[in-house]
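Spelled out from the first residue to the last, the chains are:
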Amino acid sequence: MHNLDITKKKFGPDPLNPNPLLDTAFLKAVVTSPNIEVGNFSYYNDPKGPEKFQDHCVKYHFDFIGDKLKIGKFCAFATDIQFIMNGANHAMTGFSTFPFNVFAEGWKGGFDPSTITAGYRGDTVVGNDVWIGREALIMPGVTIGDGSIIGTRAVVAKDVPPYSIVVGNPGKIVRKRFDDTTIDALLDIAWWDWPVDHLTKALNAIRGNDIEVLKSMKPNIET
Ligand SMILES: CC(C)(COP(=O)(O)OP(=O)(O)OC[C@H]1O[C@@H](n2cnc3c(N)ncnc32)[C@H](O)[C@@H]1OP(=O)(O)O)[C@@H](O)C(=O)NCCC(=O)NCCS
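Analysis parameters
Residues numbered from 1 in each chain as written. Predicted model: local features only at pLDDT ≥ 70, side-chain atom pairs only at ≥ 80, totals over all residues. Heavy atoms only, no water. Helix = DSSP H or I, 4+ residues; strand = E, 2+ residues; numbered from the N terminus. Buried < 20%, exposed > 50% of the residue type's maximum accessible area, 1.4 Å probe, protein only. Contact = heavy atoms within 4.5 Å. Areas by Shrake-Rupley, 256 points an atom, 1.4 Å probe, with all protein chains shown as cover. Lys, Arg positive; Asp, Glu negative; His and termini not counted. Charge placed at Lys NZ, Arg CZ, Asp CG, Glu CD. Domains from an automatic or database assignment. Buried area = accessible area lost by both parts, 1.4 Å probe. Salt bridge = Lys/Arg side-chain N within 4 Å of Asp/Glu carboxyl O. Polar contact = N/O pair within 3.5 Å; in protein donor to acceptor, adjacent residues only side chain to side chain. Nonpolar A, V, L, I, M, F, W, Y, C, P; charged D, E, K, R; others polar. Core = buried A, V, L, I, M, F, W, Y, C linked by side-chain atoms within 4.5 Å. Phe/Tyr/Trp six-rings, centres within 6.5 Å; stacked < 30°, edge-to-face > 60°. Patch = residues over 30% accessible without salt bridge, like charges linked within 9 Å, V, L, I, M, F, W, Y side chains within 5 Å.

Draft legend 1. Seen up close, the overall build of the protein chain. Within the protein chain, the secondary structure is distributed over 8 helices and 15 strands. Its C-alpha atoms give the protein chain principal-axis dimensions of roughly 65 × 40 × 35 Å. For the protein chain, the residues scored as buried account for 42% of the 223 residues in total. Expressed as a percentage of contacts within the protein chain between residues at least 6 apart in sequence, the contacts between residues at least 24 apart total 47%. Element-wise, carbon and sulfur atoms account for 56% of the exposed surface of the protein chain, whose accessible area totals about 12600 Å². Charged side chains in the protein chain number 23 positive and 26 negative. The centres of these two groups are separated by 3 Å.

So this is what it looks like as structure tokens:
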């Protein structure tokens, strides 16, 4: 059952297709797994069908493992990105990585689950306002900080601090988007948590780059 109530009509005509000219869907409207958490307005673009995000982009995500994919608000995900989850792991503590226990009854006995859980890296966390470029791949347990950009086909295997630009394989930070003082201010402002009607009024400050103007728009909200 899709959760279609993420936007009021006036802020997004159709949660499954926020812009009829683009092959996009708000993730909150199409994600059904209880192990994927998604913030409002984060979207996935895919001409093959953005509603297939969960099956197409989140791999080896097994309920019995219970690891979570947590995605913040206002993230923009390009076509064919991949989240590799912990279920992708084979046991690496012994001489062989072959998953004998999966294939034959006679080979199940004696399997020690801790040999595989030892390699688990925990939840994958994507902050708010993160743009992930086409065909980028995110490895298990990675945290991507607010405001970061992941370049086309990057392979992200380590945590990414807020407002970083990461490219390549293995993904490396090529630069920070802003100086540290501005980044601290942006994290404090956290415009993605503002009430949507206020955010709508402040759009020019959010898409601008004058931090004092943005600070001046911060509403007085206690969360
Ligand atoms: C990362 C990106 C945002 C550019 O950021 P930028 O800070 O302006 O980076 P630059 O273009 O100055 O490049 C910085 C360095 O990274 C390299 N680089 C840039 N993008 C790269 C990528 N995707 N993969 C590998 N290297 C990349 C550049 O060659 C350059 O290398 P150098 O320092 O050795 O010269 C852009 O290249 C990108 O990948 N955008 C995603 C586009 C996309 O997938 N869109 C899908 C539809 S939304």
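Draft legend 2. Representation of the domain arrangement of the protein chain within the structure. What the domain assignment reports for the protein chain is domain 1 (24-177) and domain 2 (178-223). For domain 1 and domain 2, the distance between their C-alpha centres works out to 28 Å. The partner domain 2 presents 10 residues to the 10 residues of domain 1 that form the contact. Taken together, the two surfaces of domain 1 and domain 2 that pack against each other cover about 990 Å², and 69% of this comes from carbon and sulfur. Three residues, Phe74, Tyr163 and Arg177, lead the burial of domain 1 against domain 2; their summed loss comes to 49% of the area buried on that side. Linking domain 1 with domain 2 are 1 salt bridge. Here aspartate 193 makes a salt bridge to lysine 73, at a shortest N to O gap of 2.9 Å. Linking domain 1 to domain 2 there are 2 residue pairs in polar contact (both at pLDDT 80 or more). When grouped by side-chain class, the residues that make up the side of domain 1 that touches domain 2 number 4 nonpolar, 1 polar and 5 charged.

Draft legend 3. The nonpolar core, seen in detail. Of all hydrophobic cores here, the largest spans 30 residues; its most connected members are Leu27, Phe53, Ile71, Phe77, Phe83, Ile132 and Ile150. Looking at this core, the elements with two or more residues in it are helix H1 (27-30), strand S2 (36-38), helix H2 (53-57) and strand S5 (69-71). For this core, the leading source of residues is H1, giving 3 residues. Apart from residues lying up to four places away in sequence, isoleucine 71 is in contact with Leu27, Ile36, Glu37, Val38, Gly39, Ser42, Phe53, Phe77 and Val126. If you look at the next biggest cluster of nonpolar residues, it comprises 15 residues, including Tyr163, Trp191, Ala205 and Ile211.

Draft legend 4. Local environment of the packing of aromatic side chains. Counted by the stated rule, this structure contains 13 aromatic pairs. Measuring from centroid to centroid gives 5.6 Å for phenylalanine 26 and phenylalanine 41, while their planes differ by 90°, and the two rings are edge-to-face. Note that phenylalanine 26 is positioned in strand S1 (residues 24-26) and phenylalanine 41 in the loop between S2 and strand S3 (43-45), a separation of 15 residues in sequence. Taken as a pair, phenylalanine 26 and phenylalanine 41 share a single burial class, namely buried. An angle of 15° between the planes, with centres 5.1 Å apart, marks the rings of phenylalanine 41 and phenylalanine 74 as stacked. Of this pair, phenylalanine 41 sits in the loop between S2 and S3 while phenylalanine 74 sits in the loop between S5 and strand S6 (76-77), and the two are 33 residues apart along the sequence. These aromatic residues form a ring-pair network of at least three members: Phe26, Phe41, Phe74, Trp191 and Trp192.

Draft legend 5. Molecular detail of a nonpolar patch on the surface. A cluster of nonpolar side chains, namely Phe98, Phe100, Val102, Phe103 and Trp107, defines an oily patch on the protein surface of about 570 Å² accessible area. Note that phenylalanine 100 resides in helix H3 (residues 100-103). In this structure phenylalanine 100 comes out as partly exposed when scored by relative accessible area, which is 39%.

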